[in-house]
Amino acid sequence: MKLTRRDFLKWASLSAVGAVACDIFREGEMIIQSPARMPEDLVTGRDNWYATLCGQCPEKESILVRVMEGRAKKVRGNPLYPTNQGKQSVRCEAGLQALYHPDRLAGPVARVGRRGSGQFQQIGWDTAMNTLLAQMRSNQPDAMLMITEPLRGHLGMVASKFVGAYGGRHMAFEPLDQTVLRGAVKQVFNQNTLPDFDIENTRYLLSFGADFLSTWVSPVRYARGYGEFRSNIGKERGSHVHADPRYSLTAASADQWIPISPGMEGVLALSMAYVIIDEGLADPGVAGAMTGGAGASVLDDFKPESVVSSDSPLYIGIPERIRGEDASELIRRIAREFATTGPSLAIGGGEAGAHTNGSFNLSAVFALNYLVGSVGKRPGEGGIVFNPAPPIEGIPATSPTGSVTDWLGVSDDLQNGRINLILVRGANPLHGLPPGSRFQESLNAGNPFVVSFSSFMDDTSLMADLVLPERIYLEDWSDDIPEPGPGFQIVGMQQPVVNPLPDLDPRSFPDLLLTLSQDLGLDDGLPNTFRDVLRQGAQQLFDLNRGSIQAATFEAFWNTMLQQGGWWDSDRVSTDSPPDPPSLAELAQQPSERRLPSFRAQDVDSRFFYLVPFLSNSLLDGRGAHLPWLQAAPDPLTTVTWQTWVEINPRDADEFGLKEGDVIRLISTEDHIEAVVYSHPAVPPGVLSVPIGQGHATGIRYATRGNAQRGSNPISILATEVDSETGGLAWAATRVRIQSTGRSVRVSKFEGLVPAFPIGPRAEDVVQVTRG
C-alpha cells in the first residue's frame, strides 16, 4: 500500500514522537534522555526538561520546559542559547496556559450561521480537509491569499513553496508593522535583515522611541544586554539617553529622558549631528562624505538653539530647561558625550517610526552611528553588527510584513471579487487593522471562503467558514532563524515536549500544508512530514562539520541539536563592509512634509490630544489576551491589570475635571473607544497613552467578559495615515478629543489607592506642555 501524506498526518496526531530531553542540573552540560524510557501513564515523580522555542511572541526565545508524567509544568530560559542566554519573558511562562486552555478547539468546526455569528458545528478531519480541497480545486489560484504572522526558518520555506506551487499570494501581518524600520535599515545600512544592536558592549546609548526593554523587536535579548551595559563590574557603567513622548519602561530606565513632541525625533537627531560635525568630533572623512564637503552648514536649520525655540518650525517641544540645564546646552552635552564615549550606539523605532515622517526620523537616527564609527562592527565590539546569511540554503531569515498600503490593496481585491479564498494562520487582521483599511467591510462584501488555522476562536476565526485547530508550539516541530540574530549564524530548534490532551485533536500546520500540496498534485519537492523537512535541513548543518555541535553521526548530531535547543557558529559572521554613509544634506533638504509629522484630527474647534498607543508589556498586540496569567501581569509602570487605561497628565485631568477611575471616551475621526483614567505626572501635557491588547470580539474566555468586550482596542480609532516613503502605518499620527461618560470604576492595579507621583525634580521641569 502506498503511503500518502494524509496517512502521515493521521499517525502524527497520535503522538509527539522524537522529543529529546536534557538534564539541566549537571554542571556545564545537558544529558540526553529518552522519553521512551518513561511511559506517560507511569507515575514516577521524575521530571524531564526539554529544550524548545517559545511561540508566544515574535522573538522566539529558546526555553526549557519541565515535563512530569506527560504534562508541562514549568518554563525557564535556555542558558545555552546565544540570544536569550537563560532569560525569558512573562509571555513564555504563560504558554502553559495556552496548552491547557479550557476553550481550545477539540477538532475542526464549520460555520452554520451567518458570518460572524459564532455559530459553528464540529466536523471530522476528513470532512474538513475534503472541504478545503474542494475549495482550492474550484478556485482560481491567483484568487487565493494566505495571511500569516511573519514566518522564518523552514516553516517560512514550506509556506512559500506551497503558495508558490499553488499560484496564490502570501502576506505576513502584524498590527504595528516594522515596514518603516526595515526600510530605514535598508536605506541607511543596505541590509535586508535587521542588524544586531549590540547594547551589551556599548558605553553610550541613544534611543529614540524604541521601547526595547518592554516590547520592541527583541526585548529579552536587549534587556539581558542592557543589564550587562549598566553593570560596573570590571568596567565603566554605560550611559543611556532616551527621547520619547511617552514615559515608557525604557524611558524610566534611562539616565536622561527627553520628552520630545511626537514625530520630532529626526529633527533632534540632526541637531545632535550638527553639534558633532561643527565641533570636529566626527572623523573628517566621514563628516565630509555625509555633508558633501560643506560641513555642519548643511544642518544650520537644526542648530540646538533653533530646534528648542517655540518660534521655529522645527521646534521639538522640550522645556527650555530640564533639571536646571538649558535645553540647547543639554543637546550639545549629549551630542559631545555620544561622540567621545565610544563605543556608542543610536537606535530608533517604535513611536519614532510611526509617523508620516517615520522614515526621515529613523534614517536621521541611524545616520548618527556613522559619525561615531559604530557601523559594521564585529560581535562583542558594540554598535551596529550586521547579521550573516543563514547557514541552510533556501530558508528565510526575515519575513517582511504587508504595509497598510498593501492591505488597502487587499480590501480593493476583496471588494472586486479578485480574492475568493483566504487562509489565515497566526494572524488576527480583524483586530489589528485600522478601520480605514476597510478589511472587515470588504470581507463581508466579497464573501470569500475563509479558513482559519487556529486553536482558539479569535476575532478573525469568528468570521471564518472553516476553523482547523493547529497544535500549540509545545506540541509541534519547527525551527527559527532569529531576527535580529546575535551577529553570527544560528538556528533554533523547536520540538514537541508533550502530546495534546486525549480529548483534543489538533494537527500540525506545516504538515497540513504538505498534505494539501500532495492532494492537489503540487510539486514542492519536500519530504512527507515537517519533521523530515527539519531533519533534511539539519543534515546540511551536519555536513558543514563546524559550529557548536561536533558529532560522528547524523543521529548523534540531531539528538544534540534538540538537546541544546539549536545550532550556532560564533565564528561565522557577516562579511559585509559598511556601505557609504547616508547624505545628511539630502535628509536636511527634504521637503517639510517628509521632515515633519502630520496628524489626522476632526476639523472642529476643540482641544486635541496626541494619541500614543503602545504594545501591552504582557498581551503585546492582543495575542495573549486569552491567557489569565498575562491579563493579571501588572504593567511595569502603572501596575494596571485586566483593563484598558489611558495615561493622562494630572494638569490635563484637572482641566477636564477627571480623576483616576473615571471612564472617558477617546474620539477620533474614525470612531471612539472608552478607557479608564490613570493620572500620570510623567505624561507630557497634551499627550494620551493607551495600551493595545484588549477589546476583542466575544467568543473566548479571559479575552472577554462573558459576552462583553474586555477593555477597548485603540487600533479601532486610528486614522489610516501612512509613512510618506514606505506606506507603513503611521499609528502615532492620530489626534483625539476626550469626553467624560459620567461613569467611574476602580482601577485594577497593584498600587491600590496610591496615586502616581513624581520623585526628585518638579514635573514641570521634566515634561513640556504640548497643545493639540
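Residues numbered from 1 in each chain as written. Predicted model: local features only at pLDDT ≥ 70, side-chain atom pairs only at ≥ 80, totals over all residues. Heavy atoms only, no water.

### Topic: the sheet that holds strand β19 (residues 449-453)
Within a sheet, each strand pairs with its neighbour through backbone hydrogen bonds, oriented either parallel or antiparallel.
For step 1, the next point in the chain: The strand order β7-β6-β20-β19-β18-β8-β9 describes an open sheet built from seven strands, whose pairing is mixed. Every interior strand has two partners, whereas the edge strands, β7 (120-122) and β9 (169-172), have only one. Between one strand and the next, the sheet's axes are offset by a mean angle of 20 degrees, whatever the strand orientation.
For step 2, the next point in the chain: As paired elements, β19 and strand β20 (residues 466-468) share three bridges and run parallel to each other. Across the sheet, the residue bridging to Val451 is Leu466, located in β20.
For step 3, the next point in the chain: Sheet strands in contact with helix α4 (residues 125-138) are β8 (144-148), β18 (421-425), β19 and β20, and its direction is about 125 degrees off that of β20. (Pairing = 2+ DSSP bridges. Helix = DSSP H or I, 4+ residues; strand = E, 2+ residues; numbered from the N terminus. Axes fitted to C-alpha atoms, helices over the stretch in contact; angles between N-to-C directions. Contact = heavy atoms within 4.5 Å.)

### Some remarks on the domain arrangement of the protein chain
For step 1, the next point in the chain: Along its sequence, the protein chain is carved into domain 1 (109-172 + 398-471 + 488-492 + 511-573), domain 2 (198-384) and domain 3 (599-744).
For step 2, the next point in the chain: Computed from C-alpha coordinates alone, the two centres of domain 1 and domain 3 are separated by 31 Å.
For step 3, the next point in the chain: Across the contact, 16 residues belong to domain 1 and 22 residues belong to domain 3.
For step 4, the next point in the chain: Where domain 1 abuts domain 3, roughly 1300 Å² becomes buried across the two surfaces, and 62% of that area is made up of carbon and sulfur atoms.
For step 5, the next point in the chain: The three residues of domain 1 that bury the most area against domain 3 are Val404, His431 and Pro435, which together make up 39% of that side's buried surface.
For step 6, the next point in the chain: Across the contact surface, domain 1 and domain 3 share zero salt bridges.
For step 7, the next point in the chain: Summed over the shared surface of domain 1 and domain 3, the result is six residue pairs in polar contact (both at pLDDT 80 or more).
For step 8, the next point in the chain: Elements supplying a minimum of two residues to the side of domain 1 that touches domain 3: α14 (404-415) and α15 (429-432).
For step 9, the next point in the chain: With three residues, α14 is the largest single contributor of residues to the side of domain 1 that touches domain 3. (Domains from an automatic or database assignment. Buried area = accessible area lost by both parts, 1.4 Å probe. Salt bridge = Lys/Arg side-chain N within 4 Å of Asp/Glu carboxyl O. Polar contact = N/O pair within 3.5 Å; in protein donor to acceptor, adjacent residues only side chain to side chain.)

### Focus: the side chain of Thr250
For step 1, the next point in the chain: Along the chain, the position of Thr250 falls in helix α8 (residues 249-253).
For step 2, the next point in the chain: Classification of Thr250 by relative accessible area gives buried; the value is 0%.
For step 3, the next point in the chain: One polar contact links the side chain of Thr250 to the main-chain amide nitrogen of Phe212, over a distance of 3.2 Å.
For step 4, the next point in the chain: If we ignore the near neighbours within four places in the chain, the residues touching Thr250 are Ser207, Ala210, Asp211, Phe212, Leu213, His240 and His242. (Buried < 20%, exposed > 50% of the residue type's maximum accessible area, 1.4 Å probe, protein only.)

### Quick word on the environment of Val308
For step 1, the next point in the chain: Of note, Val308 is situated in the loop between α11 (304-307) and β14 (321-322).
For step 2, the next point in the chain: Judged by relative accessible area, which is 16%, Val308 ranks as buried.
For step 3, the next point in the chain: As a C-alpha pair, Val308 and Ser328 span 20 residues in sequence and 6.4 Å in three-dimensional space.
For step 4, the next point in the chain: When sequence neighbours within four positions are dropped, the list of residues in contact with Val308 reads Tyr315, Ile318, Ala327, Ser328 and Ile331.

### Things to note about unusual backbone geometry
Across the chain, the bulk of peptide bonds are trans and the bulk of non-glycine residues have phi less than zero.
For step 1, the next point in the chain: The linkage connecting Gly342 with the following residue, Pro343, adopts the cis geometry, with an omega of -5 degrees.
For step 2, the next point in the chain: On the secondary structure map, Pro343 appears in the loop between α12 (327-340) and β16 (344-348).
For step 3, the next point in the chain: The linkage connecting Glu483 with the following residue, Pro484, adopts the cis geometry, with an omega of 0 degrees.
For step 4, the next point in the chain: Mapped onto the fold, Pro484 is located in the loop between β21 (478-480) and β22 (488-494).
For step 5, the next point in the chain: At Arg323, a position not held by glycine, the phi torsion is positive, near 55 degrees.
For step 6, the next point in the chain: Although it is not a glycine, Trp642 sits at a positive phi angle of roughly 65 degrees.
For step 7, the next point in the chain: You can see Trp642 is positioned in the loop between α22 (628-632) and β25 (645-648).

### A short note on the state of the cysteines
Structurally, a disulfide amounts to a covalent bond that connects the sulfur atoms of two cysteines.
For step 1, the next point in the chain: Within this structure, the stated rule accounts for zero disulfides.
For step 2, the next point in the chain: Free cysteine: Cys92, not disulfide-bonded; nearest cysteine sulfur from Cys54 at 3.1 Å. (Disulfide = S-S within 2.5 Å.)

### With respect to the packing of aromatic side chains
We describe a pair of aromatic rings using the distance from one ring centre to the other and the angle between the two ring planes.
For step 1, the next point in the chain: Taken as a whole and judged by the stated rule, the model has 22 aromatic pairs.
For step 2, the next point in the chain: Between Trp216 and Tyr222, the ring centres sit 5.9 Å apart and the planes meet at 25 degrees, which makes this aromatic pair stacked.
For step 3, the next point in the chain: Overall, the relative accessible area of 5% leaves Trp216 in the buried class.
For step 4, the next point in the chain: Connected via pairs of aromatic rings, a cluster forms that spans Phe189, Phe197, Phe212, Trp216, Tyr222, Tyr226, Phe229, Phe366, Tyr370 and Phe386.
For step 5, the next point in the chain: The residue whose ring lies beneath Arg246 is Phe614, and the NZ or CZ to ring-centre distance is 3.4 Å.
For step 6, the next point in the chain: The ring of Trp558 is capped by Arg535, whose NZ or CZ atom sits 5.2 Å from the centre of that ring. (Phe/Tyr/Trp six-rings, centres within 6.5 Å; stacked < 30°, edge-to-face > 60°. Lys NZ or Arg CZ within 6 Å of the ring centre and 35° of its normal.)

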